[in-house]
Amino acid sequence: QVQVAESGGGLVQPGGSLRLSCVFSGRAFRLYSMAWYRQAPGTQRELAAAIFPDDSTEYAEAVKGRFTISRDNAKNLAYLDIHNLQPDDTAVYYCSAQPYDPGPYKPLYWGQGTQVTVSS
């Protein structure tokens, strides 16, 4: 049984940085695609960044240049580094996992989410 759990959210001032972590519980983490989604109040959940077993990455246009997704296969961890945070980045950030598939990313497992609030 696969489980993922996020940590690292909090209150950050505009311009600040944050690292979100996602721990994967299960087998063969290295064979999973991992992604971070976010959901702001009153909006739909949207993909922010994804990383695949070959370490290739994809980013939403809105976060390119400020978000960096990475993984540590030895520790079963995925990360999302966020820089120059803005109030529009305020959202619940969710980690997700999917066994690798060459087609479009379709998350199979979800964490409970971690709140990121950007405010002065």
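Residues numbered from 1 in each chain as written. Predicted model: local features only at pLDDT ≥ 70, side-chain atom pairs only at ≥ 80, totals over all residues. Heavy atoms only, no water.

Draft legend 1. Quick look at the environment of Asn 84. Tracing the backbone shows Asn 84 in the loop between strand 8 (77-82) and strand 9 (91-99). If near-sequence neighbours (up to four positions away) are discounted, Asn 84 is found in contact with Gly 15, Gly 16, Ser 17, Arg 66 and Asp 89. (Helix = DSSP H or I, 4+ residues; strand = E, 2+ residues; numbered from the N terminus. Contact = heavy atoms within 4.5 Å.)

Draft legend 2. Focus on the pairing of strand 3 (residues 18-25). Looking at chain direction, strand 1 (residues 3-7) and strand 3 are connected through five bridges and run antiparallel. Of the residues in strand 3, the one forming a bridge with Glu 6 is Cys 22. One ladder, built from six bridges, connects strand 3 with strand 8; its direction is antiparallel. Paired with Cys 22 across the two strands is Ala 78, which belongs to strand 8. (Pairing = 2+ DSSP bridges.)

Draft legend 3. Structural context of the state of the cysteines. According to the stated counting rule, one finds one disulfide in the structure shown. Note that Cys 22 is cross-linked by a disulfide to Cys 95, the S-S spacing being 2.0 Å. Residues Cys 22 and Cys 95 are joined through a disulfide that is left-handed, its torsion about the S-S bond being -75°. Of this pair, Cys 22 sits in strand 3 while Cys 95 is found in strand 9, placing the two residues 73 residues apart along the sequence. A relative accessible area of 0% places Cys 95 in the buried class. (Disulfide = S-S within 2.5 Å. Buried < 20%, exposed > 50% of the residue type's maximum accessible area, 1.4 Å probe, protein only.)

Draft legend 4. Molecular detail of the pattern of salt bridges. A complete count under the given rule lists five salt bridges for this structure. Measuring nitrogen to oxygen at the nearest pair gives 2.8 Å for the salt bridge that ties Asp 89 to Arg 38. Here Asp 89, found in the loop between strand 8 and strand 9, pairs with Arg 38, found in strand 4 (residues 32-39); they are 51 residues apart in sequence, far enough to count as distant. Look at Asp 89 and you get buried, because its relative accessible area is 2%. In this structure Arg 38 comes out as buried when scored by relative accessible area, which is 8%. (Salt bridge = Lys/Arg side-chain N within 4 Å of Asp/Glu carboxyl O.)

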